[in-house]
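# Overview (structure and organization)
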Amino acid sequence: MKQFWIFGYGSLMWRPGFDYSSKEAALIRGYHRRLCVYSHVHRGTPERPGLVLGLDRGGSCHGVAFMIEPHGWNAAINYLREREQVTKVYVERRTTIELLASHERVEAVTYVVDRRHQQYAGVLPIESLLTHVQQGEGVSGLCTDYVTNTYQHLREMKIKDRTLETIVAKLQDQAATSRA
């Protein structure tokens, strides 16, 4: 029986929004996780863009692989296309990932940032990242919640992301300062 897999590296890890039969830690090669997408819908607006994660070329990325039963594949992929391709900043790709527990290589669908898209932010300095994260609020909520939830999930998986760690620490420092 054919297996269907989806690879998540950001909010899909903690809020997939589709039915799956199992999930496990996975690794994708040739891409890395980066806050590089100006969010105009889910975590910001065109006037006050937030910043969300994209898979950008180069390196590797730990994330989560979701196995989808064949009868649920169309519903899952249609949901993801509606969620991930609202502004077409992501390109749907089928690529090989490694399931870390078994070291099995499987084909999975994932969403990679389109570097030619106007919402591609590229590499930004930490202060610019922080500004966009703090200002972003869209139909899915606050950008600060998105970044914090993703960071917490990565920590639970024992995955280090220095950029998210730095941003979350700065958000916590600012919150502590404003309470004082």
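Above this text you will find the structure in question.
Quick look at the structure, then. As the structure is a computational prediction, the values presented were derived from the model and not from experiment. (Residues numbered from 1 in each chain as written. Predicted model: local features only at pLDDT ≥ 70, side-chain atom pairs only at ≥ 80, totals over all residues. Heavy atoms only, no water.)

Glancing now at the packing of aromatic side chains. Inspection of the entire model under this criterion finds five aromatic pairs. An angle of 55 degrees between the planes, with centres 6.5 Å apart, marks the rings of Trp14 and Tyr146 as tilted. Of this pair, Trp14 sits in helix 1 (residues 11–14) while Tyr146 sits in helix 4 (residues 143–156); the two residues are 132 residues apart in sequence, bridging distant segments of the chain. What makes Tyr146 buried here is its relative accessible area of 5%. In this structure an aromatic cluster arises from ring pairing among Phe18, Tyr20 and Phe66. (Phe/Tyr/Trp six-rings, centres within 6.5 Å; stacked < 30°, edge-to-face > 60°. Helix = DSSP H or I, 4+ residues; strand = E, 2+ residues; numbered from the N terminus. Buried < 20%, exposed > 50% of the residue type's maximum accessible area, 1.4 Å probe, protein only.)

To continue, consider the layout of surface pockets. Estimated volume of the largest pocket: approximately 270 Å³. Secondary structure elements with two or more residues in the lining of the largest pocket: strand 2 (22–39), strand 3 (50–68) and helix 5 (162–179). Among the residues making up the lining of the largest pocket, the classes are represented as eight nonpolar, four polar and four charged. Space inside the second largest pocket adds up to approximately 190 Å³. (1 Å grid on protein atoms, 1.4 Å probe; cavity = no way out; pocket = protein on both sides within 12 Å on 5 of 7 lines; lining within 4 Å. Points joined across faces, edges and corners; volume = space filled by probe spheres on them. Nonpolar A, V, L, I, M, F, W, Y, C, P; charged D, E, K, R; others polar.)

Our focus in this paragraph is the pairing of strand 3. Among the 19 residues that make up strand 3, 14 are buried, leaving the element largely enclosed by the rest of the structure. Two elements, strand 1 (residues 4–8) and strand 3, share five bridges in a ladder whose sense is antiparallel. The residue of strand 3 that forms the bridge with Trp5 is Met67. (Pairing = 2+ DSSP bridges.)

Moving on, we come to the pairing of strand 4 (residues 90–99). Bridge count for strand 2 against strand 4 is three bridges, and the pairing is antiparallel. Bridge pairing links Ile28 to Ile97 in strand 4. The pairing of strand 4 with strand 5 (residues 104–113) spans ten bridges and is antiparallel. From the neighbouring strand, Arg94 faces strand 5, where its bridge partner is Val109. Linking strand 4 to strand 5, which pair antiparallel, is a turn of four residues; within it His103 sits at a positive phi near 65 degrees.

The next subject is the packing of helix 3 (residues 126–135) against helix 4. Between helix 3 and helix 4, the least distance of the axes is 6 Å, while the angle of their chain directions is 115 degrees. By the angle between their directions, the pair helix 3 and helix 4 is classed as roughly perpendicular. Contacts from His132, Val133 and Gln134 in helix 3 reach Cys143, Thr144 and Val147 in helix 4. Here the contact of helix 3 with helix 4 is built from residues that sort into three nonpolar, three polar and no charged. (Axes fitted to C-alpha atoms, helices over the stretch in contact; angles between N-to-C directions. Parallel < 35°, antiparallel > 145°, perpendicular 65-115°, else oblique. Contact = heavy atoms within 4.5 Å.)

Where helix 3 contacts helix 5, the axes come no closer than 10 Å and their chain directions differ by 60 degrees. Classified by chirality, the crossing of helix 5 by helix 3 is right-handed. Together, Ile126, Glu127, Leu129, Leu130, Val133 and Gln134 of helix 3 and Thr163, Thr166, Ile167, Lys170, Leu171 and Gln174 of helix 5 make up the contact between the two elements. Per-class residue counts for the contact of helix 3 with helix 5 are six nonpolar, four polar and two charged. (Left-handed = near helix turned anticlockwise from the far one by under 90°.)

Phe7, Leu35, Ile97 and Val147 are the most contacted members of the largest nonpolar core, which totals 55 residues. Looking at which element gives the most residues to this core, the answer is strand 3, with ten residues. Contact partners of Ile97, with chain neighbours within four places excluded, come to Phe7, Ala26, Leu27, Ile28, Ala65, Glu104, Arg105, Val106 and Ala108. (Core = buried A, V, L, I, M, F, W, Y, C linked by side-chain atoms within 4.5 Å.)

The next subject is helix 5. For helix 5, with 18 residues, the first-to-last C-alpha span of 26 Å sits near the 26 Å given by 1.5 Å per residue. Packing partners of the buried residues in helix 5 comprise strand 2, strand 3, helix 3 and helix 4. With a side-chain oxygen positioned 3.2 Å from the backbone nitrogen of Thr163, the residue opening helix 5 is Asp161. (Expected span 1.5 Å × (residues − 1). Polar contact = N/O pair within 3.5 Å; in protein donor to acceptor, adjacent residues only side chain to side chain.)

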